[in-house]
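Observations on the model geometry
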Amino acid sequence: MLYFGIDVSRDKLDCAVVDEQGQRVKRARTFTNDTQGVIELIGWARAVAVDQPRRFVMEATAAYHELAATRLHCAGLVVSVVNPAQVRALARGLGTLSKTDLIDALLLAQYARLAEPRQWRPTKPQLQEFSAMLLRLDCLEADLRREQNRREQAAVRGSADCVMASIDACIEFLRGQCKAMRKTIDSHIVANEGLSQSITRLRTIPAVGEKTAKRMAAILGANDFVSAKEAAAFLGLVPIKCESGSSVRGRSRLSKAGNPKVRASLYMAAVVAKKINPDIKDLYDRLCAQGKTKMSALGACMRKLVHLCYGVLKSDHDYVPPEARSS
């Protein structure tokens, strides 16, 4: 097995390769980050690893890694897209303090050898479009809130009429854009039966509203999770313990490794769910009775919600309350 580390930037791809013992096999190469460059990279990799299995690893770098990852996958090669923070943690563990494109490529190759991350697969086009629409709506709503805050501050200061008119025009424009994007999202859902069924099924879970259902349908549909625990970890909802020996007893906290927008949506859903969802209410009451803090119990409720969302989609069945399950 040969391991190829690809350091991705906007304009180029720096590639290094190591063997199973971590020794460099060939001199590192640099390719352009475009279609022709990726084709040349694939040809070079096949020439280096004749009749040998190959694994490629690159970091998630906004949208710049997507072309190379997709082309490698379509060429029948095993490619993984990993969290940059994990690779930097490996660098610190190995005592590698310098950071250059070549060093990063070598680190990625070593990470591939040591961690053997899961194979990446491209998201289905309809889900990719849906996720992009949700992201755009998030950005528009954030811009709208900022302009509304600016208007409030400008009114308090007694700003000139021209300033207030400019802010009002921006607010009106952003409201129109938000409304148009919501209509586009709804039309996309109606046009995709599988996505529509997933959202409808998720909404059978008490406290899972429209926004949370859309986000969870996009995430659970776009990622091939093997378990509900893995989905919760992806969203940053697993507890991180801080204990060592007899003296260190830090408070557990959520890893917060995933999308903060989704976590915020799940938090609000959990606040409601602890009152109206029988599964979540039972969990929350039990943890509070055991002496857990309210925030710790809410974190567990957020994880439970992810498990319920994963369960209804995996089983292709609507949510069933506890009393109906036992009968």
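Heads up: these notes are all about the structure in this document.

1. Thoughts on the side chain of glutamate 147
Tracing the backbone shows glutamate 147 in helix α5 (residues 125–157). Contacts of glutamate 147, omitting those with residues within four sequence positions, involve Ile167, Cys170, Ile171 and Leu174.

2. Let's talk about the environment of leucine 107
In this structure, leucine 107 sits in helix α4 (residues 101–115). C-alpha of leucine 107 to C-alpha of proline 321: the two residues are 214 residues apart in sequence and 48 Å apart in space. When near neighbours in sequence (up to four residues on either side) are disregarded, leucine 107 contacts Val87, Arg88, Leu90, Ala91, Leu94 and Thr96.

3. Comments concerning the pairing of strand β4 (residues 54–59)
Each regular strand displays side chains that alternate between the two surfaces of the sheet. When you tally the buried positions in β4, you get 6 out of 6 residues, the bulk of the element. With burial as the criterion, each face of β4 is covered, one bearing Arg54, Phe56 and Met58 and the other bearing Arg55, Val57 and Glu59. Two strands pair when backbone bridges link them, and β4 and strand β5 (residues 78–82) are joined in this way by 5 bridges, in the parallel orientation. Residue pairing in the sheet places arginine 55 in a bridge with valine 78 of β5. At this point the chain moves from β4, through helix α2 (residues 66–74), to the parallel β5, and the crossover so formed is right-handed.

4. Examining unusual backbone geometry
The phi angle at alanine 62 is positive, at roughly 50°, despite the residue not being glycine. Summarising the element assignment, alanine 62 is placed in the loop between β4 and α2. Take alanine 62: its relative accessible area is 67%, and that puts it in the exposed class. Positioned with a positive phi, glutamate 116 is a non-glycine residue whose angle comes to about 45°. With respect to the helices and strands, glutamate 116 occurs in the loop between α4 and α5.

5. Considering the environment of alanine 218
When you line up the elements, alanine 218 lands in helix α8 (residues 210–222). Under the relative-accessibility criterion, alanine 218 is labelled buried at 4%. Sequence-wise, alanine 218 and isoleucine 199 are 19 residues apart; in three dimensions their C-alpha atoms are separated by 9.2 Å. Those residues within four positions of alanine 218 in sequence are excluded, and the remaining contacts are Leu127, Phe130, Ser131 and Leu134.

6. A short note on the packing of aromatic side chains
If you walk through the whole model with that rule in mind, you get 4 aromatic pairs. With 5.9 Å between their ring centres and 85° between their planes, phenylalanine 4 and tryptophan 44 make a pair best called edge-to-face. Of this pair, phenylalanine 4 sits in strand β1 (residues 2–8) while tryptophan 44 is found in helix α1 (residues 35–48), placing the two residues 40 residues apart along the sequence. When its relative accessible area of 0% is taken as the criterion, phenylalanine 4 is described as buried. The class for tryptophan 44 is buried, based on a relative accessible area of 12%. Pairwise contacts between aromatic rings join Phe4, Phe31, Trp44 and Phe56 into one cluster. The ring centre of tyrosine 284 lies 5.0 Å from the NZ or CZ of lysine 274, which sits over that ring.

7. What about the nonpolar core?
Counting 56 residues, the largest nonpolar core has Leu202, Ile205, Met216, Leu266 and Leu305 as its most contacted members. Within the residue set of this core, elements represented by two or more residues are α5, α6 (161–191), α7 (193–202), α8, α9 (228–234), α10 (260–276), α11 (278–289) and α12 (294–315). A total of 11 residues in this core trace back to one element, the largest contributor, which is α12. Contact partners of leucine 266, with chain neighbours within four places excluded, come to Thr212, Met216, Leu235, Leu237, Met302, Leu305 and Val306. Ile42, Ala49, Val79 and Trp120 belong to the second-largest nonpolar core, a separate cluster that totals 23 residues.

Reading the values: the criteria
- Numbering of residues starts from 1 in every chain and runs along the sequence as written.
- Restriction of local features to residues with pLDDT of at least 70 applies here, the model being predicted, together with a cutoff of 80 or more for giving and counting side-chain atom pairs; totals for whole chains, interfaces and linings are based on all residues.
- Computation of side-chain values: all heavy atoms of the structure, hydrogens and water removed.
- By definition, any uninterrupted DSSP run of H or I lasting at least four residues is a helix, any uninterrupted run of E lasting at least two residues is a strand, and each is numbered from the N terminus.
- Between two residues, a contact is recorded if the distance between any of their heavy atoms is within 4.5 Å.
- With a 1.4 Å probe rolled over the protein chains alone, any residue whose accessible area is under 20% of its type maximum counts as buried; one over 50% counts as exposed, and the rest are partly exposed.
- Whether two strands pair depends on DSSP finding at least two bridges between them.
- Crossovers are marked right-handed if the path from the first strand over the helix to the second runs clockwise, as seen with the strands pointing away from the viewer.
- Two aromatic rings, drawn from Phe, Tyr or Trp (for Trp, its six-membered ring), form a pair once their centres lie within 6.5 Å of each other, and the interplanar angle then sorts them: stacked below 30 degrees, edge-to-face above 60, tilted otherwise.
- Two conditions define a charge sitting above a ring: the NZ of Lys or the CZ of Arg must be within 6 Å of the ring centre, and it must be within 35 degrees of the ring normal.
- Put simply, buried Ala, Val, Leu, Ile, Met, Phe, Trp, Tyr and Cys residues joined by side-chain atoms within 4.5 Å make one nonpolar core.

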